[in-house]
Amino acid sequence: MSRTSIVAGNWKMNLDRGAAEALTKAVAAGRDQAGDVDVVLCPPSIYIGTVGTALSATSGGSPSGVGLGAQNMSEQASGAYTGEISAGMLVDMCCGYVILGHSERRTLMGETDELVAAKVKAALTAGLTPIVCVGEQLAEREADRTHEVVSTQVRGSLAGLSADELAKVVVAYEPVWAIGTGKVATPEQAQDVHALIRSLLTEMASPEVADGIRIQYGGSVKAGNAADLAAQPDIDGALVGGASLEAEGFLAIAAAFR
Ligand code: PEP
């Protein structure tokens, strides 16, 4: 099956309102160079409205051809959860995607596979596409535990989903040692884990469903290394942190996945 690649920018806690608007407009203006690749921007929550307006996003889509996503959400639908944002609120603000289980949330905020799974379920119920992040720490890779750790995270973070629900998920493999460090996994290292993830998805759903699921690589992706990653058979796009804060480089990464 040919999968439509997806390249998403995770802006993390960066930029201010003016810079967010300017970057959004620059990405939208150059978006065509990425062809039929799905291009998504994930700004800080407080700027989702600003970015959505700059994209002319509606709940039916984005005429700019650039999708809108959040970096996190609550597993709860509504109620007394001070500071939290629900999946329904993200849909209301024209988001189509949400990053879940990013390693920074797992390590800094103590998010567990169980919590991530609850968030994934809530996102799918609301009609969002979850981008579910998994990846090993450096010590785990050095101890030759990468497959064990990633398998546990994939099974745990996607627990309780039907095959139909799994079919709607995007998985992002992000080795923690490669995030924001400038140390990118080699295309062979990344492909090895992507193939593992696809085999797990085959067991959890079916070969047909697994074949259709997009698996992004994330971790120091730049314009200069994107093409080699894109050439791997199971790498279907990128989740981009630092390099997504500048339109030209981000669009060059997206174009590499055409
Ligand atoms: C990320 O945080 O998802 C990420 C991949 O960051 P960077 O591209 O900066 O390594």
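Peer 1: Pulling in residues and values, what's your account of the pairing of strand S2 (residues 38-42)?
Peer 2: The buried count for S2 comes to four of five residues, which makes it a mostly enclosed element. Read from strand S1 (residues 6-10) through helix H1 (residues 17-30) to S2, the crossover connection turns out right-handed. In this sheet, strand S3 (residues 66-70) lies alongside S2 in parallel orientation, the contact comprising three bridges. Counted as the bridge partner of Val39 is Val66 from S3.

Peer 1: Lay out the sheet that holds strand S8 (residues 237-240) with the relevant residues and their values.
Peer 2: Reading around the barrel, the eight strands line up as S1-S2-S3-S4-S5-S6-S7-S8 and close back on themselves, with parallel pairing between neighbours. Pairwise comparison of adjacent strand axes, ignoring direction, gives a mean angle of 25° for this sheet. In this sheet, S2 lies alongside S1 in parallel orientation, the contact comprising five bridges. Each bridged residue has a counterpart across the sheet, and for Ile6 the counterpart in S2 is Asp38.

Peer 1: Kindly report on H1, identifying the contributing residues and their values.
Peer 2: Here H1 contains 14 residues, and its C-alpha end-to-end distance of 20 Å stays within 8% of the 20 Å for a straight helix at 1.5 Å per residue. For H1, the elements touching its buried residues are S2, helix H2 (48-54), S3 and helix H12 (247-256).

Peer 1: Please give an account of H12 that cites residues and values.
Peer 2: For the α-helix, the turn length of 3.6 residues means that residues three or four positions removed from each other point alike. The complete set of buried residues in H12 reads Ala247, Gly249, Phe250, Leu251, Ile253 and Ala254. Looking at the buried side of H12, the elements it contacts are S1, H1, S2, helix H11 (223-230) and S8. Its side-chain oxygen at 3.0 Å from the backbone nitrogen of Glu248, Glu246 defines the N-terminal cap of H12.

Peer 1: Explain the pattern of salt bridges residue by residue, including any values.
Peer 2: Counted according to the given criterion, the structure contains 15 salt bridges. The residue Glu111 makes a salt bridge to Lys119 at a minimum N-O spacing of 2.8 Å. For Glu111, a relative accessible area of 7% corresponds to the buried category. The partner of Arg155 in a salt bridge is Glu203, and the shortest N-O contact between them spans 2.5 Å. Linking Arg155 in helix H7 (residues 146-157) with Glu203 in helix H9 (residues 187-204), this pair joins segments that are 48 residues apart in sequence. For Arg155, a relative accessible area of 38% corresponds to the partly exposed category. By relative accessible area, which is 56% here, Glu203 ends up exposed. One salt-bridge network, held together by shared partners, links Arg3, Arg198, Asp211, Asp234 and Asp236.

Conventions and cut-offs
Residues numbered from 1 in each chain as written. Predicted model: local features only at pLDDT ≥ 70, side-chain atom pairs only at ≥ 80, totals over all residues. Heavy atoms only, no water. Buried < 20%, exposed > 50% of the residue type's maximum accessible area, 1.4 Å probe, protein only. Helix = DSSP H or I, 4+ residues; strand = E, 2+ residues; numbered from the N terminus. Right-handed = clockwise from strand over helix to strand, strands pointing away. Pairing = 2+ DSSP bridges. Axes fitted to C-alpha atoms, helices over the stretch in contact; angles between N-to-C directions. Expected span 1.5 Å × (residues − 1). Contact = heavy atoms within 4.5 Å. Polar contact = N/O pair within 3.5 Å; in protein donor to acceptor, adjacent residues only side chain to side chain. Salt bridge = Lys/Arg side-chain N within 4 Å of Asp/Glu carboxyl O.

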